[in-house]
Amino acid sequence: MPNQLPPIQLGVPGEEISFRDLWTLSKRFKKLHQLKRESIRHILNSSQRQFLDALPLILHMNHPALPGFISTATPAGIFAYQPDKRAINAARQINRSFNLRPQRRRDHHAAIDGLFLMGSVGSIAFTKASDIDIWLCHKADLTQAALGELQKKVQTLEDWAASLHLEVHFFLINSKQFLLDQKTPVSADSSGETQHYLLLEEFYRTSVYVAGKVLAWWLVPPEHENDYQGYLAHLLERRFVNANQILDLGGLAHAPADEFISATQWHIYKALNSPYKSLLKLCLLECYASEYPYTNWLCIAIKRAVYQGQLTGLEIDPYVLIYRKLEDYLLKAQSHERLAMIRRIICLKVTEASGDHRQTGPLSPYENYFREMAASWQWPNNPLNTPCDSNAWDIETLLAENAAIVEQLAHCHNKILRFAHEHIDPDFQESNDMKLLGRKLIAFFERRQGKIEISTTRGYGLPIKHSLSIVESQSAAPEAEWALFVDHNNAQDAALRTPLYRRPTLIEMLCWLSVNGFYRPRAPIQCKVESFKLTPIELNTVLDRLDKFFKCHFDFSDSLGNYEGDNSLTHSLLLINIGQRLPDTEDGPYVLSPRNNPLSHGARRECLVRTIDRVSLSHWNEVLTSHEQGIEGLLNCLIEMINDTKEPVAADCLTVMCQTPGHADNIIRRIEQLFEALLELHRDDPANPAPRYVLAGGERYFIVSKKDSSLQYQPCANEGQLIKALSTPQALYGSVVFDAEVLAETPIPALYRENRPHTVQCFFYREAIGATVYILDEQGSLYSRQYQDASLNPLVSQYARFLTAASSRKPTAATAIEFFELKKNAAGAWSCIEISRSLPQKQRCNELDLPPSTFAITDAANRQMLHFLECKKSLEARLDDKQN
C-alpha cells in the first residue's frame, strides 16, 4: 500500500454511502495500526516480541502449553480473529509442545470484542522502558465469576511480561458500561471517575489495534464528530454496517466541563512521580480547555489524515501532534519559559527512544525532524545529547528542574481553577476520586515546619561520582542553619557561596537527601559541624539507616488508597544522640553504676538521652521530622506517635537507633520498653478508664496519664511533688504502674499493685514508735499519714469506723473497703497482707461526730482526716453534677 492514498469522502445522512469506502476505511485503519505494531517490534528484543506476537493467540484460546492458562472455563476467543504465522511461530518458540488444532470460527461465542495497545506505544516516545497499557474489551454479559477468571489470566500475563522486562497493564473494558460512562474506582493505574471523554480521546489518539471488531469511531467522518451518535445510527439503520461487527466506545461531542477539573487533578497526581509525561498531558488539557466547548481534538486530526490517505509520517505521530499544538498555543500566549520546558520534555522523550533503537547509517525521520527543530530553538548542534539527557544531570540541574516542574504544576492548577470559575456550576459535587486526589495534592504541596519536601525528579539518578557537603552555620541566624553544597566546603567557604538547599535542622537535611535519592553509599557526604561532634562514619551510618527506613516503609508508588481515611502516623524512627558525647566518655568509658536506667542513670541520676531526632511517615505519604532534647523531648516524641496514630499502634511501628559508646544497646532497649509501656497505657479498657504510669527521668519524675483517649504527662521535681500529685483527686478510676526504682524505698508501688476500682483500701505499716497509714480511694487517689505512739489495732478500728461512715453517706455507690498490713523483708521488698475487719451495724456513726479521744492520733491528724473527707465530698458533688 503506497504512503499516500486517495482521499475518501463519506456521504452525509440521506446521501448514498459506499460499502466499498467503509470497507476501505477499516482496512486503512488496520494498516495504520499494523505499521505501528511493526515499529514496536523493531524496538523490542526477541523475547518481548514473542509476547506481543503471541498475545492475541493466548487470549483467543485456553491452551495449557501457553502462558496465562488458568482453566478451560476462562473466557476466551477474540471476535473474527484467525492466528497468523507470526502468532503460531511465537507460541511454538514459547513452548515447543504447542500444537494448534484447526478450529471452527464461532464469533458469537467470542468473549473478547477487541484488543488494543495504548499509551506512548507506537509513537516516537516509545522505548523498551515504556509501560504498555492493554485494553481488553470484553462482552457485556460475562458473569462476575467469568470476569474473575479473566482477571487472573491477564494478571498472570502481566507477571510473564515483567519477567521479560516489559511493564504491561491490562484493563478489562465492558464496552456497554464504558459507553454509558460507568467507570471503575480510581487507582494507581486507572483514572477511575476523574475522566471519561478525555481518556477516550487519548485512546483514539494513541491506541494500536491488535485484533477484534472494527472501532465504530473509525467509520464516523471527522466532520461529523459533533453528531457522532446520529451518524452512527444512520449507518446502522441503513445497514451500511453490522452492529455485531463494530465496537462502539462513543464519541467526543459532549465532554463535560467538570471533567477538565478532575482530569487535571489526576495528571498533577501522576506528575508527582512521573513529571514529564504528565506535564505534557496537563499542558494539552489546558490547551483543550482554552478551546472549550469547541475543542479541536488531536485524535480527529489523525482520523482526518487517514481519510485523506496518509498512513505514515511524523504528521500523524501523537507526540509530534501534541508538540505542534502546544507550540502554537504557548507562542500565542507568549509563554516562552513554558514552551522551553515542553521542548525539553519532547527532547527527553526522543532521547530515550533514540537510545533504544538508534542504528548506524542515515538518521531516522524523527531524529532529522528534531535536529531541524533544535536549530530554530537555538539549541546545541546535537539536541539528542545535553541538555536533554537526564542521566548526565547533576544535583543542581535536578533541583532547578524540580522547581520548574512544581511551578508548572501550580500554573496548570491555577489555570484550570479559572476555567472552573467560568464553566462549572458552583453547586458541583466532588466525586470520591476527586476527594482522594485533593487530599494527595494537599499532602504533597503543603509546607510546614519539619515536613520534608519530596522532589518530583527523584527518579532521575545522580552520577555515581558526586560530592556533597553539609555545612552548619550559626552566624546567619539566632539558631543554626544547615546548608548543602557541591564539593567539600568549610564554614568560611560556605559564607561566600549560595547553597543548593537550606534546612533549619540537620535531620531535615539528611531526610531530604535520603528520600529524594541524593545520598549514595558509594559517594559519602561530608559534614562540617560547629555545635557538636559528628564523625564521617557516624554521619553515613545515620544516612544508611535512613535509606533502609525509607526503602522499607515509604510508599514510593503512593497508592491513592492511602488517602481513603484520615491522615495519621504509620512508622517512626528515633535517632538518639546524633553527634553527642557523654561528659565522662571524653577520655574513657562512662562510669558504671548499679542504677543502670539510661533515663535516670547512676548516682547523679542523669538522663543519657540528650537529643532525639524523630522521623515519622504518615498514611498520606508525608515525611515529618522533629528535633527534641532530653527526657521531655523523648516523651513528646513517643506520646505524639501514639496519639497521632488512628489505627491500633503496634510496637514494631517504632525503630530506635543510637550510637552512644557503651550505652547504645541499653538506651535502645529502655526506649523500646517505655514505648511498649505507653502502648499498654493507651490501650482501651472500660474497667480502667484513666490509668497512669510513673517513670523517672533524670532527677525528676513523670506521670503519664490517659485522658479522652490521648496520653499526656505531668512532671514532678522530686518525690514530694510526685506523692502530692498521686494524692490529687481523680475523676475516674485508673490503675497506677510504677517504673523500676520509682519510690522504690517506699511501699507506695506495692500498695498500688493491690489497687482496684470501686474499692477503698487502707494500708497500715507498724513501726517501732508508731504507724503509718496509706489510703487509696475508689478512684486511686493516695492519702498518707504518720502517727506517733499509736497502737495498730485501735488505729485500724477507728479507720474502719471512719471509712464505713464515709461510704455510708452515698448508699448508691457500691464501694468496698479493704484493710492491709504492710510488711518489709530483709531485702527491702514490700508485701501487703489483708486484714479481716468487720463492724457491727450498731457501731455505724457519723464520722464528723467521732470524738478525738477515741483516736490514738493528734488534733492535727484529725484536721488532716477532715480535709481528706471534704476533698472527697467535693469530688462526689462534682461527679453528681456531671451525672445530672
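Please refer to the structure placed before this passage.
Draft legend 1. Here's a closer look at the overall build of the protein chain. When its secondary structure is counted, the protein chain shows 24 helices and 23 strands. Here the analysis covers contacts within the protein chain between residues at least 6 apart in sequence; of these, 69% occur between residues at least 24 apart. A total of about 41300 Å² of accessible surface is found on the protein chain, and carbon and sulfur atoms cover 49% of it.

Draft legend 2. Seen up close, the pairing of strand β15 (residues 692–697). Counting buried residues in β15 gives six out of six residues, a clear majority hidden from the surface. Burial of β15 is two-sided: the residues R692, V694 and A696 facing one way and the residues Y693, L695 and G697 facing the other way are all buried. As defined by bridge partners, β15 adjoins strand β16 (residues 700–707) across six bridges and the pair is classed as antiparallel. Considered in β16, the bridge of V694 is made with I703. Linkage of β15 to β16, two consecutive antiparallel strands, is achieved through a turn of two residues, within which G698 is found at a positive phi near 65°.

Draft legend 3. Summary view of the sheet that holds strand β11 (residues 569–576). Taken in spatial order, the four strands make up an open sheet running β13-β12-β11-β14, and their pairing is mixed. The outermost strands of the open sheet, each flanked by one partner alone, are β13 (623–629) and β14 (654–658). Recorded for the sheet is a direction-independent mean angle of 15° between the axes of neighbouring strands. Here five bridges tie β11 to β14, and the two strands are oriented parallel to one another. Directly across from L575, in β14, lies its bridge partner M657.

Draft legend 4. Highlighting helix α8 (residues 258–271). In a regular helix each residue adds 1.5 Å, so 14 residues correspond to 20 Å; α8 covers 20 Å between its end C-alpha atoms and thus fits that length. Counting buried residues along α8, 12 of its 14 residues qualify, which places the element largely inside the surrounding structure. Along α8, the positions that sit buried rather than exposed are E259, F260, I261, S262, A263, T264, Q265, W266, H267, I268, Y269 and A271. Its buried side turned inward, α8 meets α6 (197–206), α9 (275–291), α14 (395–423) and α15 (432–445).

Draft legend 5. Structural context of the sheet that holds strand β21 (residues 782–788). Taken in spatial order, the five strands make up an open sheet running β21-β20-β19-β22-β23, and their pairing is mixed. The sheet terminates laterally at β21 and β23 (830–835), the two strands that pair on one side only. Shown here is a sheet whose adjacent strand axes are inclined to one another by a mean of 25°, direction ignored.

Draft legend 6. Spatial organisation of the pattern of salt bridges. Following the criterion strictly, the structure yields 29 salt bridges and no others. For the salt bridge of R610 with E606, the shortest nitrogen-to-oxygen distance reads 3.7 Å. The closest approach of N and O atoms between R756 and E818, which form a salt bridge, is 1.9 Å. On the criterion of sequence distance, the pair formed by R756 in the loop between α22 (748–753) and β19 (759–767) and E818 in strand β22 (residues 816–824) is long-range, its members being 62 residues apart. According to the relative accessible area criterion, R756 is partly exposed, its value standing at 39%. A network of salt bridges, in which partner residues are shared, links E446, R448, K451 and E622.

Draft legend 7. How the structure looks around empty space enclosed by the protein. Applying the stated criterion to the full structure yields seven cavities of 30 Å³ or more. Computed from the structure, the largest cavity encloses a volume of approximately 130 Å³. Lining the largest cavity we find 16 residues, and of these K440, F444, I454, F554 and N621 sit closest to its centre. For the lining of the largest cavity, the residue count by class is eight nonpolar, two polar and six charged.

Draft legend 8. Representation of the nonpolar core in the model. By size, the foremost hydrophobic cluster in this structure holds 139 residues, and its most contacted members are W135, I470 and F550. L44, I112, A146 and W160 belong to the second largest nonpolar core, which has 43 residues in total.

Draft legend 9. Focus on the packing of aromatic side chains. Evaluation of the coordinates by the stated rule reveals 30 aromatic pairs. Their ring planes at 75° and their centres at 4.8 Å tell us that F554 and F556 sit as a pair that is edge-to-face. Among the residues examined, F556 registers a relative accessible area of 34% and is labelled partly exposed. Here the aromatic residues F29, F116, W135, F178, F203, Y204, Y209, W217 and W218 are joined through ring pairs into a cluster of three or more. Positioned over the ring face of F79 is K213, at 5.1 Å from the centre of the ring. Taking the ring centre of W217 as reference, the NZ or CZ of K303 above it sits at 3.9 Å.

Draft legend 10. Summary view of unusual backbone geometry. In this structure, the amide linkage connecting Y292 to the following residue, P293, adopts the cis form with an omega of 5°. Within the secondary structure layout, P293 lies in the loop between α9 and α10 (298–307). With a phi angle near 60°, A80 is a residue other than glycine that sits in the positive phi range. Looking at the element boundaries, A80 is found in the loop between α2 (46–60) and α3 (85–94).

Draft legend 11. Fine view of helix α1 (residues 19–43). Taking 1.5 Å per residue as the helical rise, α1 with its 25 residues ought to reach 36 Å, and the 37 Å between its terminal C-alpha atoms agrees with that figure. Three or more residues of α1 are buried, namely L22, T24, L25, S26, R28, F29, L32, H33, K36, I40, R41 and I43. For α1, the capping residue at the N-terminal end is S18, with a side-chain oxygen 3.1 Å from the backbone nitrogen of R20.

Rules used throughout
Residues numbered from 1 in each chain as written. Predicted model: local features only at pLDDT ≥ 70, side-chain atom pairs only at ≥ 80, totals over all residues. Heavy atoms only, no water. Helix = DSSP H or I, 4+ residues; strand = E, 2+ residues; numbered from the N terminus. Contact = heavy atoms within 4.5 Å. Areas by Shrake-Rupley, 256 points an atom, 1.4 Å probe, with all protein chains shown as cover. Buried < 20%, exposed > 50% of the residue type's maximum accessible area, 1.4 Å probe, protein only. Pairing = 2+ DSSP bridges. Axes fitted to C-alpha atoms, helices over the stretch in contact; angles between N-to-C directions. Expected span 1.5 Å × (residues − 1). Salt bridge = Lys/Arg side-chain N within 4 Å of Asp/Glu carboxyl O. 1 Å grid on protein atoms, 1.4 Å probe; cavity = no way out; pocket = protein on both sides within 12 Å on 5 of 7 lines; lining within 4 Å. Points joined across faces, edges and corners; volume = space filled by probe spheres on them. Nonpolar A, V, L, I, M, F, W, Y, C, P; charged D, E, K, R; others polar. Core = buried A, V, L, I, M, F, W, Y, C linked by side-chain atoms within 4.5 Å. Phe/Tyr/Trp six-rings, centres within 6.5 Å; stacked < 30°, edge-to-face > 60°. Lys NZ or Arg CZ within 6 Å of the ring centre and 35° of its normal. Polar contact = N/O pair within 3.5 Å; in protein donor to acceptor, adjacent residues only side chain to side chain.

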